[in-house]
Amino acid sequence: MTVDMNLFRGFVEQIKMLPSMAQPTDYPDSDRVAAAKHVFAEKLDSRMASHLEACVHCGICADACHYYVQSGDPYYTPIRKIEPLMRYYRREKGAFRWLNRMFESDISEADLEQWQPLVYDSCTECGRCSFACPQGVDIASMVVVMRQALANAGLIPAGLRAVEQEQGSRGTVFGVGGEQLMQAVEALREKGHEVPVDKEKADVLVLSSTLDVLLFNDALESTVRVMNHLGLNWTIHTCAFEGANFGMLSGLEKVQKAASERITREAIRCGARYVIVPECGHSYPALRWDGANEHGEPLPFEVLAISEFLGREVMAGRLKLRPVGEGRRITYHDPCKVGRHGGVFEEPRAVLRELGLDVREMPASREMNYCCGGGAGLFLIESARRNRDMGFDLKREQVEATGAESLVTACGSCRLNFLAGADRVHWDRGIESLVELVGQALPEEPPAS
Amino acid sequence: MSLADFIDIWLWRFALTVFVVGAAWRVLAMLATGRPKDLSTPRASAAAGGWHALFSRFLPRPEMAGRERLHVIGGYLFHLGLFALLFLAAPHVDFYRERLFGVGWVALPNWAFILAAEAAFLGLLLLWLHRVLNPVTRLISKTGDHAASVLTFLVMLTGCLALARAHESLRLLHFFMVELFMIYFPFSSLMHSITFAFSRAAIGAHYGRRGVKT
């Protein structure tokens, strides 16, 4: 249940070495601008146009951003992060572009370089600003486009780029591929768990993540135990198990599509009706919301986050759990990509109530939950460390305001940032995984049917 | 042609044309950018989310209320005051009946009109002070944002001066400022008074189909 902190610290040290492993991306200056504009032209649709037309520069978005709230520095104002996109729209697409060109300067290579730390280091695409804007400007969606433009222009920060390049070229993440998954599976089998790997046909395709293979082994073990406990016809596939999608996080769409399609094709091949995404925040929207669009047609299976799946099973009465630590005060952190961007709010809370825990809500929770501070790949960007720490410090205040003894979440990336923050300030609160709690609370007997 | 005729007839026709055609063109160009079909399976209704966001965003989120108090107070004072002045002030109702729609409606009593004007002035002043004094808004504001504030202020100020309807020149000055405002409107951030509805509906629909109320 507890994470080996020495292992965790070793993992963090490895992350610091990532920039030295990244391959350079040398573009001529003019090509960078053209490459970024190509993405803007392709992605700018009427939804974004309506947002760009409605902004009045009121600055309320700043008050929603964890980095601004914590630092008070206007540098972090969310709407600033999309300024090159705004300029492109006004000069190239807007109704009065001929007029705007007289007053607005064109995007330059220097602009793109200047915006790199704003778009990557200073935004987790958490979307809280989008929910606070009185005009309904969806800034987070446009930061995604900004990342895609900078990625196409070869401006992904080195740490994130190294992992994106690895996943794009070899299909592995931090060196974890099918072989490493099998080592983890063998360890589970030695503990007596049945783990069906690479089955020809299965109703449920279970995904995992590098984090669960390397660091959070208990999350993988708990998932296996739940699947077996429910008696499901399930499998995990050595060639399509990685839920993490560093194409999505970095903004490089071809890598995002390749990673997503690998899973989609395997799920279709084995006839899966459900694909269960692990505790890895962005894995969920990568497949649940973007997967069909990458595939080019609606997916013939349902994509569920593990927290969503567990909640649905509990709410339907199919999964009964033993109370663990009855009355223990906990608070739940909604991973932004699963909650605010995915609508999964009730299911994890249903699980926590079934576990008999005293669930306390943070002052800002659910749709207005603050980000962990390290999402959207920030944990891999060394220059974003100060921002990650700021995010954690704000979150710590939120958790402590509830009086909870422990923080539960359903995202490995959130856990990473919480663990790093807790380690830094010697925080006395627990940091727990939802699926691991469920794994502890499974009854001995399987369900009746 | 006298100056009065120029302002009352010719410039008015020009301003009205620019206002209507310009605003319609800007909205059409926005919609013409198109939108790819989302192939993911929705969790809930996009339309319901869109309608919800259209109205819910008139109110600040409770989690944000403490941080944006000046915005909320200034915003409500200005927008409600201006709405009342624009559509319910007796001289404006008369104008709509005589020059635009052929029908009028019940106007505000004088005391309510004065109250609305004071609220609008106070609100505009608060919002503009916030724009120039707050480090965030100072950083992100454009020249056009200040121009829109100044123009709106001048329209309201000349409107107050013309209130007594005692001097024709003051009425013409106010009308002239309104015409400048209408000509500037389609090219500026003043368009947010139309585009806000599209933006809110869009974000509401986007998150609504994911089952998230915005």
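Residues numbered from 1 in each chain as written. Chains lettered and ligands numbered in written order. Predicted model: local features only at pLDDT ≥ 70, side-chain atom pairs only at ≥ 80, totals over all residues.

> Tell me about the overall build of chain B, and name the residues and values.
The number of helices and strands found in chain B is 10 helices and 0 strands. Going residue by residue from the N terminus, the α and β elements of chain B occur as α-α-α-α-α-α-α-α-α-α. For chain B, the spread of C-alpha atoms along the principal axes amounts to about 65 × 40 × 35 Å. Here chain B holds 214 residues, and 33% of them are scored as buried. A separation of at least 24 residues holds for 73% of the contacts in chain B among residues at least 6 apart in sequence. (Helix = DSSP H or I, 4+ residues; strand = E, 2+ residues; numbered from the N terminus. Buried ≥ 20, exposed ≤ 12 C-beta atoms within 10 Å, placed from the backbone. Contact = placed C-beta atoms within 7 Å.)

> Let's hear about the overall build of chain A: which residues, and what values?
Summing up its helical and strand segments, chain A has 24 helices and 8 strands in all. Overall, the C-alpha framework of chain A stretches about 75 × 50 × 40 Å when taken along its three principal axes. Among the 449 residues that make up chain A, the fraction classed as buried is 57%. Sequence-distant contacts in chain A: of pairs separated by 6 or more residues, those separated by 24 or more amount to 81%.

> Run through the packing of helix α4 (residues 46–54) of chain A against helix α10 (residues 192–208) of chain B, naming residues and quoting values.
Across the interface, α4 of chain A lies against α10 of chain B with an axial gap of 8 Å and an inter-helix angle of 140°. With respect to each other, α4 of chain A and α10 of chain B are oriented oblique. Of the two elements, α4 of chain A crosses α10 of chain B, and the hand of that crossing is left-handed. Contacts from Arg47, Ser50, His51, Glu53 and Ala54 of chain A of α4 of chain A reach α10 of chain B at His192, Thr195, Phe196, Phe198, Ser199, Ala202 and His206 of chain B. Split by residue class, the contact of α4 of chain A with α10 of chain B holds 4 nonpolar, 6 polar and 2 charged. (Axes fitted to C-alpha atoms, helices over the stretch in contact; angles between N-to-C directions. Parallel < 35°, antiparallel > 145°, perpendicular 65-115°, else oblique. Left-handed = near helix turned anticlockwise from the far one by under 90°. Nonpolar A, V, L, I, M, F, W, Y, C, P; charged D, E, K, R; others polar.)

> For the interface of chain B and chain A, give the residues involved together with the corresponding values.
Taken together, the contact between chain B and chain A spans 49 residues of the former and 47 residues of the latter. Listed by contribution, the elements that provide at least two residues to the side of chain B that touches chain A are α1 (3–31), α3 (62–65), α7 (135–140) and α10 of chain B. Looking at the side of chain B that touches chain A element by element, the count peaks at 10 residues for α10 of chain B. A breakdown of the residues in the side of chain B that touches chain A according to their chemical character gives 19 nonpolar, 16 polar and 14 charged.

> Which residues make up unusual backbone geometry, and what values go with them?
Residues and elements named next belong to chain A. One non-glycine residue, Asp198, lies in positive phi territory at about 55°. Residue placement: Asp198 occurs in the loop between α13 (178–190) and β1 (204–206). Notably, Ala376 is not glycine yet its phi reads approximately 55°, a positive angle. Note on placement: Ala376 falls in the loop between β6 (358–360) and α22 (385–402).

> Requested: an account of the domain arrangement of chain A, with residues and values cited.
All names here are of chain A. Domain parsing of chain A yields domain 1 (29–155), domain 2 (171–312) and domain 3 (317–440). Taken over C-alpha atoms, the centre of domain 1 sits 29 Å from the centre of domain 3. Taken together, the 15 residues of domain 1 in the interface contact 19 residues of domain 3. Sorting the residues of the side of domain 1 that touches domain 3 by element identifies α6 (66–71), α9 (109–121) and α10 (128–132) as the ones contributing at least two each. (Domains from an automatic or database assignment.)

> Before we move on, could you go through the environment of Phe379 of chain A and cite the residues and values that matter?
Residues and elements named next belong to chain A. Along the chain, the position of Phe379 falls in the loop between β6 and α22. Along the primary structure Phe379 and Ile79 are separated by 300 residues, whereas in three dimensions their C-alpha atoms are 23 Å apart. When sequence neighbours within four positions are dropped, the list of residues in contact with Phe379 reads Ile15, Gly374, Arg388, Ser413, Leu416 and Asn417.

> Break down the sheet that holds strand β7 (residues 406–409) of chain A for me, with residues and values.
All names here are of chain A. Spatially, the 4 strands line up as an open sheet ordered β6-β5-β7-β8, and their pairing is parallel. Looking at which strands have only one partner, the edges of the open sheet turn out to be β6 and β8 (430–433). The average undirected angle you get between the axes of adjacent strands in this sheet is 35°. Bridge count for strand β5 (residues 329–333) against β7 is 4 bridges, and the pairing is parallel. Each residue of the ladder has a partner; that of Ile330, found in β7, is Ser406. Lying on the sheet, helix α21 (residues 346–354) is in contact with β5, β6 and β7; it crosses β5 at an angle near 165°. (Pairing = 2+ DSSP bridges.)

> Give me the nonpolar core: which residues, what numbers.
All names here are of chain A. Ranked by internal contacts, the top residues of the largest apolar core, which has 187 residues, are Cys61, Ile139, Met146, Leu150, Val275, Val277 and Leu310. Element by element, the count of residues in this core is highest for helix α11 (residues 139–152), at 10 residues. Other than its neighbours up to four places away in sequence, Met146 contacts Lys81, Ile82, Pro84, Leu85, Trp115 and Val119. (Core = buried A, V, L, I, M, F, W, Y, C linked by C-beta atoms within 7 Å.)

> How would you summarise the sheet that holds strand β2 (residues 234–235) of chain A if you had to cite specific residues and measurements?
One open sheet accounts for 4 strands, arranged β2-β1-β3-β4 (chain A); its pairing is parallel. Single-partner strands in this sheet number two, and they are β2 and β4 (302–305) of chain A.

> Can you explain the pairing of β7 of chain A? Please cite residues and give values.
Remark: a regular strand shows side chains that alternate across the two faces of the sheet. All names here are of chain A. Pairing geometry for β7 and β8, over 4 bridges, is parallel. Directly across from Thr409, in β8, lies its bridge partner Ser433. This β-α-β element, β7 to helix α23 (residues 412–425) to β8, shows right-handed connectivity. (Right-handed = clockwise from strand over helix to strand, strands pointing away.)

> If you had to explain α4 of chain A to someone new, which residues and values would you point to?
Counted residue by residue, α4 of chain A has 8 buried out of 9 residues, so it is predominantly covered. Within α4 of chain A the residues assigned to the buried category are Arg47, Met48, Ala49, Ser50, His51, Leu52, Glu53 and Ala54 of chain A. Elements in contact with the buried residues of α4 of chain A: α7 (83–93) and α11 of chain A together with α1 and α10 of chain B.

> With reference to specific residues and values, describe the environment of Met48 of chain A.
Residue and element names in this part refer to chain A. Tracing the sequence through the fold places Met48 in helix α4. Met48 sits 94 residues away from Met142 along the chain, and the two C-alpha atoms are 7.2 Å apart. For Met48, the residues in contact, after removing those within four places along its chain, are Ser141 and Met142.

> Run through the packing of α9 of chain A against α11 of chain A, naming residues and quoting values.
All names here are of chain A. At a minimum axis distance of 10 Å, the contact between α9 and α11 shows a crossing angle of 130°. Viewed along their axes, α9 and α11 adopt a mutual orientation that is oblique. The two elements α9 and α11 meet at a crossing, and its hand is left-handed. Residue-level contacts link Leu112, Trp115, Gln116, Val119 and Tyr120 of α9 to Val143, Met146, Arg147 and Leu150 of α11. Of the residues belonging to the contact of α9 with α11, the class tally is 7 nonpolar, 1 polar and 1 charged.

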